[in-house]
Every structure is written in C-alpha cells, then in structure tokens.
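As a plain string of letters, each chain reads:
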Amino acid sequence: MTIFTKISHRSKQFHSFARLTIKQQKTLTIKIQIDMKKYICNVCQWVYDPEVGDPDSGIAPGTAFEDIPDDWVCPLCGVTKEDFDLIEE
Ligand SMILES: [Zn+2]
C-alpha cells in the first residue's frame, strides 16, 4: 500500500489531496507521518491518538505526542509520557 492510499483510507479530510501540488503533498505527507503516530499507556492501555488529541487536558487535535508538554499525564491513570510506548503499525 502506498503512502497516498494509506492517507486517503485514514482521513477523509485529505479527499482533495490529489489537487495539491507535489511540493504541498510532500510537506503534508511528512507532517502526517509525524502526527499520526499513536502511543499507548503501559499502565492502563489508554491510547493517545494525535488526530483526537486530549482536549480535556488542553491538548488540541492534531498535536503530535512529541509535542505534548512533559507535565502532561495519562487522563485515565495519571502516569507521565515516559510510561507511553509508540504503537508500530
Ligand atoms: Zn494510563
């Protein structure tokens, strides 16, 4: 599966992706690859999804896990980012 079909499967907001210039597509693709990494809490199995963010804790949708402040904690069990693992897809 190419990155482009993967994107179109994953996110309806990119339905106009093909109309962008190649440069815009590359920029967008890089951003998506960074932003779409999900992380799972080792303690309670809660999953951080960058598409959703954690609005209850002030984390806006579209925020990469790496960009979350270090003082953020798991909304379910209260552990810090250090107790989260990257979900490999
Ligand atoms: Zn947790």
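Preceding this paragraph is the structure being described.
Model, not experiment: these values are computed from the prediction.

(A) Local environment of unusual backbone geometry. Unlike most non-glycine residues, glutamine 45 shows phi in positive territory, near 70 degrees. Relative to the helices and strands, glutamine 45 resides in the loop between β1 (38-41) and β2 (47-48). Here glutamine 45 falls in the partly exposed class, since its relative accessible area comes to 48%.

(B) Region of the structure containing the packing of aromatic side chains. One pass over the structure, following the stated rule, counts nine aromatic pairs. Through a chain of ring-to-ring contacts, the aromatic side chains of Tyr39, Trp46, Tyr48, Phe65, Trp72 and Phe84 assemble into a single cluster. Against the face of phenylalanine 65 rests lysine 81, its NZ or CZ located 5.3 Å from the ring centre.

(C) Spotlight on the pattern of salt bridges. What the rule picks out here adds up to two salt bridges. For aspartate 49, the salt bridge is made with lysine 38, and the minimal N-O distance between the two is 4.0 Å. Of this pair, aspartate 49 sits in the loop between β2 and β3 (84-87) while lysine 38 is found in strand β1, placing the two residues 11 residues apart along the sequence. Its relative accessible area of 18% is what places aspartate 49 among the buried residues. Residue lysine 81 pairs with aspartate 70 through a salt bridge whose shortest N-O separation is 3.7 Å. Note that lysine 81 is positioned in the loop between β2 and β3 and aspartate 70 in the loop between β2 and β3, a separation of 11 residues in sequence. On the basis of relative accessibility, which here comes to 66%, the residue aspartate 70 falls in the exposed class.

(D) Geometry of the side chain of lysine 81. You can call lysine 81 buried: its relative accessible area is 14%. Here phenylalanine 65 takes part through its backbone oxygen, which lies 3.2 Å from a polar atom of the side chain of lysine 81. Among the polar contacts listed, one links the side chain of lysine 81 to the backbone oxygen of isoleucine 68, at a separation of 2.7 Å. Excluding residues that lie within four positions of it along the chain, lysine 81 makes contacts with Phe65, Glu66, Ile68, Pro69, Asp70 and Trp72.

Cut-offs and rules
- Residues numbered from 1 in each chain as written.
- Predicted model: local features only at pLDDT ≥ 70, side-chain atom pairs only at ≥ 80, totals over all residues.
- Heavy atoms only, no water.
- Helix = DSSP H or I, 4+ residues; strand = E, 2+ residues; numbered from the N terminus.
- Buried < 20%, exposed > 50% of the residue type's maximum accessible area, 1.4 Å probe, protein only.
- Phe/Tyr/Trp six-rings, centres within 6.5 Å; stacked < 30°, edge-to-face > 60°.
- Lys NZ or Arg CZ within 6 Å of the ring centre and 35° of its normal.
- Salt bridge = Lys/Arg side-chain N within 4 Å of Asp/Glu carboxyl O.
- Polar contact = N/O pair within 3.5 Å; in protein donor to acceptor, adjacent residues only side chain to side chain.
- Contact = heavy atoms within 4.5 Å.

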